[in-house]
Amino acid sequence: MRLAGRISLFFAAASLLLTGSARAATVVKIGAALSLTGPAAAYGAQQKAGILAAVDEINKSGRLKGVKLEAIIEDDASTKEQGIAVFQRFINKDKVSAIIGPTLSNTATAADPLAQGAKVPVVAISNTLPKGITDIGPYIWRVSLTEAQVIPSALKAAQAKFGFKRAAVLYGNDDAFTQGGYGVMKSALEAMGTTTVGTQTFAKPDKDYTAQLTALLAAKPEILVVSALVENASGIVTQARQLGWQGPIFGGNGFNSPKLMSNAGPAAEGVYVGTAWNKPSTDAANLAFQKAMADRKHDPDQFCAQAYTGVLAIAEAIKLSGGKGGREDIRAGFLKVKGLPTPLGTFAFNKDRDGEHSAALQVVKDGKFQIVK
Amino acid sequence: MEQLTDIYLTYQSTIGYIGINALLALSIYVSLSCGQLALGSAGFAAIGAYASALATMKADLPFPVALLVAALLPALVAVPLGLPVLRLKGVFLAIATIGFGEVVRLGLVNWDYVNGAQGIVAIPQKASIWMIYLAVAVTLFLLWRVRGSKWGFALEAIREDEPAARTMGIPSTQYKLAMLVLGAALAGLAGGLEAHFTFMVAPNGFGFSRVVDMLVFAVVGGAQVFWGAVAGAAFLTVLPEALRELAPLVGIEPGPLRLLVNGLVLLLVILFLPAGLVSLPRRLRERRAARKAARAPAGGAGAAA
Amino acid sequence: MGQQVINGLFLGSIYALFALGYTLVFGVLDILNLAHAAVFMVATFVAVALVGHGLDILLALPLAVLFAGLLGLVLERVAFRPLRARTDSNIAGLISSLAAATIIEAVALEIWGPNITRFPFGTMPEGPASQFQLLGGTVSRLQLTIIAVAVLLFLVLTWLVKGTRLGREVRAVAESPRSARVLGVNVDRAIAAAFFISSALGGAAGVLYGLAFNSISPDMGHGVELKGLAVIVLGGMGSMPGAVLAGFALGLTEVFVVANLGGSWRDVISFAGLFLFLVLRPRGLMGAAATREA
């Protein structure tokens, strides 16, 4: 019997009887390939919590009559080699109906083609590269907004607030995600007619960014635009403040983590981040999500909310195909998903199989993310 | 039958990676066979991977030609690299070649034409498992022919005592350079196969930790015989998949467990099995023979009493 | 300009501190101890845990350094001493140090998890109140302390190696273990002492690094591991003044590359420089002659 990373969530036998169905519920297996170890482990942990909570809530709610979801979670160690191995397990051994993940875009470009070839629907929950993910093929979908969907509007909102004309840009150039974020920032700033007074890079293992920051600040920018993973983000913010930078700092998707405040402390105040998840939103779906996470004593971030939404989208697809949970049923269902209430807001897939919902700009104030109106 | 197909499909990538990792481990082994610790293989593999991907995608070359490019280009780079660095001995050669590997990786990170850190994606999958294993088989055949030949003796002499070998008239620098070039070609070939097996290549896959993995394969398997590297690669590539099943039983997260087991295996092998895992059966046989020998006189004495 | 000089000196002091211990073992045993970065990391976590339990950093720092030194003794006993008699001991030692590093990182990952963490706020004074202007740049007291500690540790170490009996024994072993033994030196003890001092220095570097940047994680050693290698090569094999000089030289070079060419050139130049130095001037800035060539 295989126990590894397998968490099955079952109805109590009694509640099954209450649904009035004589036959046992159909089990629909969903595989989740997450980075639970390695460099992206911090994101994987949030995603795991979101997926387990969503599966549990859906099964309890009885929303899918006669269908029970089962999540199989495997670690890809943040590497493409193991990401591919996990996908092949899901497709051929566990015979899952759909796959969620993988956490990293680099891994996705290596593993998603396998699912496409085997006609297994994939839901990306954190791959934000604008190109190269959903264009792999018609079986690859995503709920995570791309950087191109979040950053330009958030930068515009920030400009409306500060009216900046001169921006300095700092980004991690040895990581696919931060490099992709930089590309979007660059073209967004150009489109806004902002002058980029300096561009600098750092590498993931760096802890000291003072040389880059000193050079950038010397060019007298009005805003500091940063594409970094959270591990680097708190250090960058802290050192920028130490060097006397009082102005606004605009961060990419990697800044979307409570770790930013817990590591940078007061230095994080005044950091602006475009976000796919409006945490303070009082939509019923968002409140239900926050309650579900609070019940599990988990402090969620955007990655958790996106993972939760990924499961909701699969459940909705099953419902829309008449309660059938085969691979083709789920893909056919995805085509019809529209107006779905999720923690991220009202959700739909567009014709490119990318998710569509509203994005927001948030700022760190009093140690918390708050939405900029 | 269907079940068998499923098992094969499930472990297809692991099976493929055993072959790719075996080639990479062999690329380290060939230099070790003449006593040189050269750690440039991640850089060579990167050159092979990128060159072959560009050859099939941009130049529309047939896959076998692309593989040829993947093997030849790193070999060409290895000649001017090897001439100066092979004068260095021991860990200094290792450090210089690590430096070379990092420069290659950083060059790819900064090269916009190949998308920097995002790497080349949507590479057609042209490498099948039989091709990977054919490459391994041909390499093993070559190395088997070298063993026991004039070449083999020369390499062994250089490994044991280079100054002595030189006084015997063995041109040690040429031999060492030849092995470095062969290692570069093997690494490049592995890189070319990997690129066309996994749909993408990115610079992060060719960092310092990758070359450390290759060295560990070669050492754990056994660096004294040519099939040791293959055994090491097979053992350590299967290990993470086996640990997936084991992790919940021992109550440690799979990630730390994988690291822990890797570290322990390496430490135990270097301390107690300097000739690698492939020497384990022989060691056990010797042990048993020794024990039998120790018991035999005792038994005889008992019978006499 | 002034600010960049300060940035470079500070970065350089971190490299120098890390490389001092690295180069000591290298000089004595000819072994590249790749577990040095793991000791560096684990000492930082120990200090964070001690401060978290309410200890003052002035007490936590020496305790963590002591822990690092003891861990060095364990490493020497388990991973290096058994290999000393082998002919390929420098390659075998490199590999066993790699194994030790992997094990230490696995344990740290299991205990502390993969997330970055930091010293509790208030461990050291932070914010504008702890900073002042110097050479036209901003510098914090903590940064000055770290630069001072790096120089101080270098002086102490130099005295230890040049001025004490233990130091003379260590140097004798570095020269030739066989003749040292003939001269009545306890070789095992001298090597163990070198490991203790080296790892303690590595631990001190880790804690100060953790305090300075507050981005502490099980993989924090990876960033300095290869840079440290560049520093000891640049400085010259086993040369402590060389390591300090090269540490500051690399720190300043990196900062000026970033300022003038941009960040993406920094590591390219560091590693290309490492490579060229090995090929063109194998004995580094201050190393002994010709020992690195076959």
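Rules and cut-offs
Residues numbered from 1 in each chain as written. Chains lettered and ligands numbered in written order. Predicted model: local features only at pLDDT ≥ 70, side-chain atom pairs only at ≥ 80, totals over all residues. Heavy atoms only, no water. Patch = residues over 30% accessible without salt bridge, like charges linked within 9 Å, V, L, I, M, F, W, Y side chains within 5 Å. Areas by Shrake-Rupley, 256 points an atom, 1.4 Å probe, with all protein chains shown as cover. Salt bridge = Lys/Arg side-chain N within 4 Å of Asp/Glu carboxyl O. Lys, Arg positive; Asp, Glu negative; His and termini not counted. Charge placed at Lys NZ, Arg CZ, Asp CG, Glu CD. Helix = DSSP H or I, 4+ residues; strand = E, 2+ residues; numbered from the N terminus. Core = buried A, V, L, I, M, F, W, Y, C linked by side-chain atoms within 4.5 Å. Buried < 20%, exposed > 50% of the residue type's maximum accessible area, 1.4 Å probe, protein only. Contact = heavy atoms within 4.5 Å. Buried area = accessible area lost by both parts, 1.4 Å probe. Polar contact = N/O pair within 3.5 Å; in protein donor to acceptor, adjacent residues only side chain to side chain. Nonpolar A, V, L, I, M, F, W, Y, C, P; charged D, E, K, R; others polar. Pairing = 2+ DSSP bridges. Axes fitted to C-alpha atoms, helices over the stretch in contact; angles between N-to-C directions. Domains from an automatic or database assignment. Phe/Tyr/Trp six-rings, centres within 6.5 Å; stacked < 30°, edge-to-face > 60°.

Moving on: a positive patch on the surface. A cluster of basic residues, R283, R285, R287, R288, R291, K292 and R295 of chain B, forms a positive patch at the surface. Mapped onto the fold, R283 of chain B is located in helix α13 (residues 280–304).

With that settled, consider the nonpolar core. Residues L193 and L215 of chain B together with L32 and F119 of chain C are the most contacted members of the largest nonpolar core, which totals 192 residues. With near-sequence residues (within four places) excluded, L215 of chain B lies in contact with I28, L37 and L39 of chain B together with L94, I95 and L98 of chain C. Core analysis: the next-biggest nonpolar cluster, separate from the first, contains 44 residues, L36, I58, M293 and F349 of chain A among them.

This part takes up the interface of chain C and chain A. With 27 residues of chain C in contact, the opposing surface of chain A contributes 27 residues. Between chain C and chain A lies a buried interface of about 2,300 Å² when both sides are counted; carbon and sulfur atoms form 54% of it. It is I116, F213 and R266 of chain C that lose the most area in chain C upon contact with chain A, and together they represent 23% of the buried surface on that side. The interface formed by chain C and chain A includes 1 salt bridge. Of the charged contacts in the structure, one is a salt bridge between R266 of chain C and D206 of chain A, with a shortest N-O distance of 2.6 Å. The interface formed by chain C and chain A contains 10 residue pairs in polar contact (both at pLDDT 80 or more). Those elements that provide at least two residues to the side of chain C that touches chain A are α1 (2–29), α8 (187–213), α10 (240–260) and α11 (263–280) of chain C. Of the residues belonging to the side of chain C that touches chain A, the class tally is 10 nonpolar, 14 polar and 3 charged.

Strands pair in a sheet through their backbones, by hydrogen bonds, and they do so in one of two ways: parallel or antiparallel. Residues and elements named next belong to chain A. The 7 strands are arranged β8-β7-β9-β10-β11-β15-β16 in an open sheet whose pairing can be described as mixed. Edge positions in the open sheet fall to β8 (195–202) and β16 (368–371), since each of these has one partner strand only. Averaged over all pairs of adjacent strands, the angle between strand axes in this sheet comes to 25 degrees, irrespective of strand direction. Relative to strand β10 (residues 249–251), strand β9 (residues 223–227) is paired through 3 bridges, and the arrangement is parallel. Within β10, the position partnered with L224 by the bridge is I249.

Now for the environment of L166 of chain C. Residue placement: L166 of chain C occurs in helix α6 (residues 165–175). Those residues within four positions of L166 of chain C in sequence are excluded, and the remaining contacts are R189 and A193 of chain C.

Another aspect to go through is the domain arrangement of chain A. All names here are of chain A. For chain A, the domain assignment lists domain 1 (6–145 + 281–356) and domain 2 (148–275). Taken over C-alpha atoms, the centre of domain 1 sits 31 Å from the centre of domain 2. Tallying the contact residues gives 14 residues for domain 1 and 16 residues for domain 2. Both sides of the domain 1 and domain 2 interface together cover about 1,300 Å² of buried area, and 54% of this is carbon and sulfur. On the domain 1 side of the contact with domain 2, Y43, L145 and Q302 bury the most area, a combined 37% of that side's loss. Where domain 1 meets domain 2, there are 0 salt bridges. Our count for the contact surface shared by domain 1 and domain 2 stands at 5 residue pairs in polar contact (both at pLDDT 80 or more). Counting only elements with at least two residues in the side of domain 1 that touches domain 2, the list comes to α11 (302–320) and β14 (355–356).

With 39 residues of chain B in contact, the opposing surface of chain C contributes 41 residues. Summing both sides of the interface, chain B and chain C together bury roughly 3,700 Å²; the carbon and sulfur share of this comes to 81%. It is R87, F92 and I95 of chain B that lose the most area in chain B upon contact with chain C, and together they represent 17% of the buried surface on that side. Joining chain B to chain C, the criterion identifies 0 salt bridges. Across the chain B-chain C interface, the total number found is 4 residue pairs in polar contact (both at pLDDT 80 or more). Elements represented by at least two residues in the side of chain B that touches chain C include exactly α4 (63–85), α5 (90–109), α10 (208–221) and α12 (254–272) of chain B. Residue contributions to the side of chain B that touches chain C peak at 11 residues, all from α5 of chain B. By residue class, the composition of the side of chain B that touches chain C is 28 nonpolar, 6 polar and 5 charged.

On the surface, a nonpolar cluster with roughly 420 Å² of combined accessible area is contributed by L59, L63, L66, L70 and L73 of chain C. Structurally, the position occupied by L63 of chain C is in helix α3 (residues 57–80).

Spatially, 3 strands are ordered β12-β13-β14 (chain A) in an open sheet, and the strand pairing comes out antiparallel. Two strands close off the open sheet at either side, each with one partner strand: β12 (340–342) and β14 of chain A.

The next subject is the packing of aromatic side chains. Throughout the structure, instances matching the rule amount to 24 aromatic pairs over all chains. Consider the rings of Y171 of chain A and Y182 of chain A, whose centres lie 3.8 Å apart with planes at 5 degrees: the pair is stacked. You can see Y171 of chain A sitting in strand β7 (residues 166–172) and its partner Y182 of chain A sitting in helix α6 (residues 176–191), a full 11 residues away along the chain. A single burial state applies to Y171 of chain A and to Y182 of chain A, both of which are buried. Taken together, a centroid distance of 5.1 Å and an interplanar angle of 55 degrees make the contact between F40 of chain C and Y209 of chain C tilted. Residue F40 of chain C is found in helix α2 (residues 36–52), and its partner Y209 of chain C is found in helix α8; the two are separated by 169 residues along the sequence.

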